[in-house]
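This is what each chain is made of:
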Amino acid sequence: METPVAAAPAGDFFPSFLLLGFATLVAALLGAAHRLGLFYQLMHKVDKASIRHGGENVAAVLRAHGVRFLFTLVGGHISPLLVACEKLGIRVVDTRHEVTAVFAADAVARLTGTVGVAAVTAGPGLTNTVTAVKNAQIAQSPVLLLGGAASTLLQNRGALQAIDQMSLFRPLCKFCASVQRVREIIPTLRAAMAAAQSGTPGPVFVELPIDVLYPYFMVQKEMVSAKPPKGLVGQGVSWYLENYLANLFAGAWEPQPEGPLPLDIPQASPQQVQRCVEILSRAKRPLVLLGSQALLPPTPSDKLRVAVETLGVPCFLGGMARGLLGRSHPLHIRQNRSAALKKADVVVLAGTVCDFRLSYGRVLSRSSKIIIVNRNRKEMLMNSDMFWKPQVAVQGDVGSFVVKLAQGLQGQTWASDWAEELRQADRQKEQTFREKASMPVAEHLNPVRVLQLVEETLPDNSILVVDGGDFVGTAAHLVQPRGPLRWLDPGAFGTLGVGAGFALGAKLCQPDAEVWCLFGDGAFGYSLIEFDTFVRHKIPVMALIGNDAGWTQISREQVPCLGSNVACGLAYTGYHKAAMGLGAQGLLLSRESEDQVVKVLHEAQQQCQDGHPVVVNILIGRTDFRDGSIAV
């Protein structure tokens, strides 16, 4: 039998409803007060008389992180942070294109193991950096990009150069943030710097709206009307703006930690290292491929070199690892990599990826045992579902792994005939190069011979920056970096135009080194105007242009495959004269000066030692040295 439920008295419903409505109203008001920063302002006041500005907070964080250089192209949105950096002793270097500023920051990051920093203005200033930021992402360079932006109050209201910058950079960067209040500058930048270096390094982006960078009195002048408001609506708007301004600057100058946050760097487990030790100890024909990740902190390059020598395994070096073993080390194999990989029974891919550079893994033998170590899991397993399979895949820091591997194999030796077989193949290939260097070309100079003479002239303290296609591809076989972190190329993205920025960053990081830039004549078009930057900032670098009047790497395939050289032709332009017009020194090498190549190179070196940037325009002919090379 059901028990009837007594109906609630009608009079009880209305007080409950009113109570619920009142509670909802109070919650909404409290939420609005929180969003408006009213509670925060009760505890953190605004110093309306202060002339300090947010740019000072930016500079303080950069200095606390050991940043020595800030690369930029000036704009009103970012002027306060540039001025503040200058006052704190951070060298501000302005370039002629924003992309160069980011390339320079990238070079600093690679050569120092710290974060390279660039700052550019809003809108087109930022969009001009996209290629360099993407290049840094693929090359895994820890770069901090600081971008100006329209006032926080004027976002999406048609302000000058205002676009959705965050959506543009989120796919390119590990960390993206837009600072909305002055007090957020310091913690946001610290988090960005840590993110850039943790895990797999990469670029990060922090947007700094103009009203968080300029001082209170200037923002107030732009935001709040000097005349008393009229009417209730006018007074409401005025109150909102005054409060918005107060929340923007509340707590702005209160002390905050400015130094680096701890980094998160993955490490191989002892079990993984031991398994790799066991596999390698049973190898008869082991091979190691070292990539750029091996040179990342915390393992210094000299410690890594000792580990590789202790390991005693023949190795190929790529990216920033080029030069790790010096110029002519018996363990360093330079040629015939594909053939060596087919014969090896154990291959250690230490920071090397199975992308197009290893034919997506197809160059690896199915019978080889593959050990791969990389900080990035997705990159580590690239194409492993198609053309190759790892025996052991280790997600961890490459340099530390190699050191531990060498320690685990202490005293292990391998038959010398394997390394000698690889060295003999090297010698045969180099003999082929000598034969090609002696062959006459139809006009101008033989590029193979020129690059052999560059190799003989290059000093031990040199840093090589390479930017180009055919000429640089030839140089990669012939010119050897003299040590680790002394070869700067764009990386897997294959970007043209890195040369001037990389040279700028390299020379600032290592002022006592000779910076030699090897350019193709096509690539040099991107960098020519930056010789104005080198002159103004007294940055003596040396550019060698392999000028064959064309985009030769493309035409090598386009002409035989498609029967046309359309869009591949350039002219034997007087680039040395253009450089002289910008205040640099210019030299010319052609067939008429064929026996003067070394003399002219020495003259260029002397000009650099005297403080002048130099362009050597080398007119070269065409050879079959790179016939069949892949350009796509």
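Residues numbered from 1 in each chain as written. Predicted model: local features only at pLDDT ≥ 70, side-chain atom pairs only at ≥ 80, totals over all residues. Heavy atoms only, no water.

Novice: Which parts of the structure should I look at to understand the overall build of the chain?
Specialist: Of regular secondary structure, the chain possesses 26 helices and 17 strands. Overall, the C-alpha framework of the chain stretches about 105 × 80 × 50 Å when taken along its three principal axes. Looking at the 632 residues of the chain, the share that counts as buried comes to 53%. Considering only residue pairs separated by 6 or more positions, the chain has 76% of its internal contacts joining residues 24 or more positions apart. Of the roughly 28100 Å² of accessible surface on the chain, 57% is carried by carbon and sulfur atoms. Taken as two groups, the 58 positive and 52 negative side-chain charges of the chain have centres that lie 4 Å from each other. (Helix = DSSP H or I, 4+ residues; strand = E, 2+ residues; numbered from the N terminus. Buried < 20%, exposed > 50% of the residue type's maximum accessible area, 1.4 Å probe, protein only. Contact = heavy atoms within 4.5 Å. Areas by Shrake-Rupley, 256 points an atom, 1.4 Å probe, with all protein chains shown as cover. Lys, Arg positive; Asp, Glu negative; His and termini not counted. Charge placed at Lys NZ, Arg CZ, Asp CG, Glu CD.)

Novice: Quick question: what am I supposed to make of the nonpolar core here?
Specialist: Generally speaking, a soluble globular protein has its nonpolar side chains buried in company with each other. Ranked by size, the top nonpolar core spans 91 residues in total, and within it Phe71, Leu145, Leu280, Leu290, Phe401, Val402 and Leu488 carry the most contacts. When residues no more than four places from it in sequence are discounted, the contact partners of valine 402 are Leu290, Leu304, Ala307, Val308 and Ala350. (Core = buried A, V, L, I, M, F, W, Y, C linked by side-chain atoms within 4.5 Å.)

Novice: Would you mind showing me how to read the pattern of salt bridges here?
Specialist: When the charged atoms of two side chains with opposite charge come close together, those side chains can pair. Here the structure, examined in full by the defined rule, presents 16 salt bridges. For the salt bridge of aspartate 532 with arginine 96, the shortest nitrogen-to-oxygen distance reads 3.1 Å. A residue pair is termed long-range when its members are at least 10 positions apart, and aspartate 532 in helix H23 (residues 531-536) and arginine 96 in the loop between strand S2 (91-94) and helix H5 (98-112) qualify at 436 residues. Residue classification places aspartate 532 among the buried residues on the basis of a relative accessible area of 15%. A relative accessible area of 43% places arginine 96 in the partly exposed class. Put simply, arginine 357 and aspartate 355 hold a salt bridge, and the shortest N to O gap is 2.7 Å. For arginine 357, a relative accessible area of 41% translates into the label partly exposed. What you see here is one network of salt bridges that share partners, running through Asp94, Arg96, Asp532 and Arg536. (Salt bridge = Lys/Arg side-chain N within 4 Å of Asp/Glu carboxyl O.)

Novice: Can you help me understand the packing of helix H11 (residues 216-223) against helix H12 (residues 231-249) in this one?
Specialist: In a pair of packed helices, the angle between the axes and the distance between the axes together describe the arrangement. As a packed pair, H11 and H12 sit with axes 11 Å apart at the nearest point and diverge in direction by 155 degrees. With respect to H12, the element H11 is oriented roughly antiparallel. Along this stretch, H11 crosses H12, giving a crossing that reads as right-handed. Counting all contacts with H11, which are made through Tyr216, Val219, Gln220 and Met223, the residues of H12 involved are Leu241, Tyr244, Leu245, Leu248 and Phe249. The residue inventory of the contact of H11 with H12, partitioned by class, reads eight nonpolar, one polar and no charged. (Axes fitted to C-alpha atoms, helices over the stretch in contact; angles between N-to-C directions. Parallel < 35°, antiparallel > 145°, perpendicular 65-115°, else oblique. Left-handed = near helix turned anticlockwise from the far one by under 90°. Nonpolar A, V, L, I, M, F, W, Y, C, P; charged D, E, K, R; others polar.)

Novice: So what exactly am I meant to see when it comes to empty space enclosed by the protein here?
Specialist: By rolling a water-sized probe across the atoms, one finds the places where empty space is left. Tallying each qualifying case throughout the model produces two cavities of 30 Å³ or more. Roughly 80 Å³ of internal volume is contained in the largest cavity. Taken together, Pro447, Asp470, Phe471, Thr474, Asp548, Arg556, Ile620, Gly621, Arg622, Thr623 and Phe625 make up the full set of residues lining the largest cavity. Class assignment of the residues belonging to the lining of the largest cavity gives a composition of four nonpolar, three polar and four charged. In this structure, the second largest cavity spans a volume of roughly 40 Å³. In this structure, the second largest cavity is lined by Val288, Leu290, Val308, Leu311, Val313, Cys315 and Val402. (1 Å grid on protein atoms, 1.4 Å probe; cavity = no way out; pocket = protein on both sides within 12 Å on 5 of 7 lines; lining within 4 Å. Points joined across faces, edges and corners; volume = space filled by probe spheres on them.)

Novice: Is there a simple way to explain helix H7 (residues 130-139) in this structure?
Specialist: Since the α-helix turns once every 3.6 residues, residues separated by three or four places project in the same direction. When H7 is considered as a whole, its buried residues turn out to be Ala132, Val133, Asn135 and Ala136. The arc that holds every buried residue of H7, seen down its axis, measures 160 degrees, which confines them to one face. Against H5, strand S4 (143-149), helix H8 (165-169) and helix H21 (499-509) lie the buried residues of H7. At the exit of H7 stands glutamine 140, carrying a positive phi of roughly 60 degrees. (Arc of directions from axis to C-beta.)

Novice: Explain the packing of aromatic side chains here, please?
Specialist: Describing an aromatic ring pair means giving the distance of the ring centres and the angle of the ring planes. What the rule picks out here adds up to nine aromatic pairs. Residues phenylalanine 524 and tyrosine 575 carry aromatic rings whose centres are separated by 5.6 Å and whose planes lie at 80 degrees to one another, so their mutual orientation is edge-to-face. One end of the pair, phenylalanine 524, is in helix H22 (residues 521-527); the other, tyrosine 575, is in helix H25 (residues 575-581), with 51 residues separating them in the sequence. Comparing phenylalanine 524 with tyrosine 575 shows no difference in burial state: the two are buried. Pairing phenylalanine 531 with phenylalanine 534 gives two aromatic rings, centres 5.0 Å apart and planes at 85 degrees, and the pair type is edge-to-face. Taken together, the positions of phenylalanine 531 and phenylalanine 534, both in helix H23 and three residues apart, correspond to about one turn of that helix. When its relative accessible area of 1% is taken as the criterion, phenylalanine 531 is described as buried. (Phe/Tyr/Trp six-rings, centres within 6.5 Å; stacked < 30°, edge-to-face > 60°.)

Novice: I keep staring at the UniProt feature "domain: Thiamine pyrophosphate enzyme TPP-binding" (unreviewed entry) in the chain and nothing clicks. Help me out?
Specialist: Per the UniProt annotation, the sites labelled "domain: Thiamine pyrophosphate enzyme TPP-binding" (unreviewed entry) are residues 467-618. Within residues 467-618, the helical portion is 42% and the strand portion 17%, while the C-alpha atoms at the span's ends are 15 Å from each other. (UniProt positions renumbered as here; feature names shortened; annotations may be inferred.)

Novice: It is not clear to me how the environment of proline 229 should be interpreted in this structure. Could you clarify?
Specialist: Within the secondary structure layout, proline 229 lies in the loop between H11 and H12. Sequence spacing of proline 229 and isoleucine 372 is 143 residues, and the spatial spacing of their C-alpha atoms is 69 Å. Excluding its chain neighbours within four sequence positions, the residues that come into contact with proline 229 are Gly234, Gln235 and Ser238.

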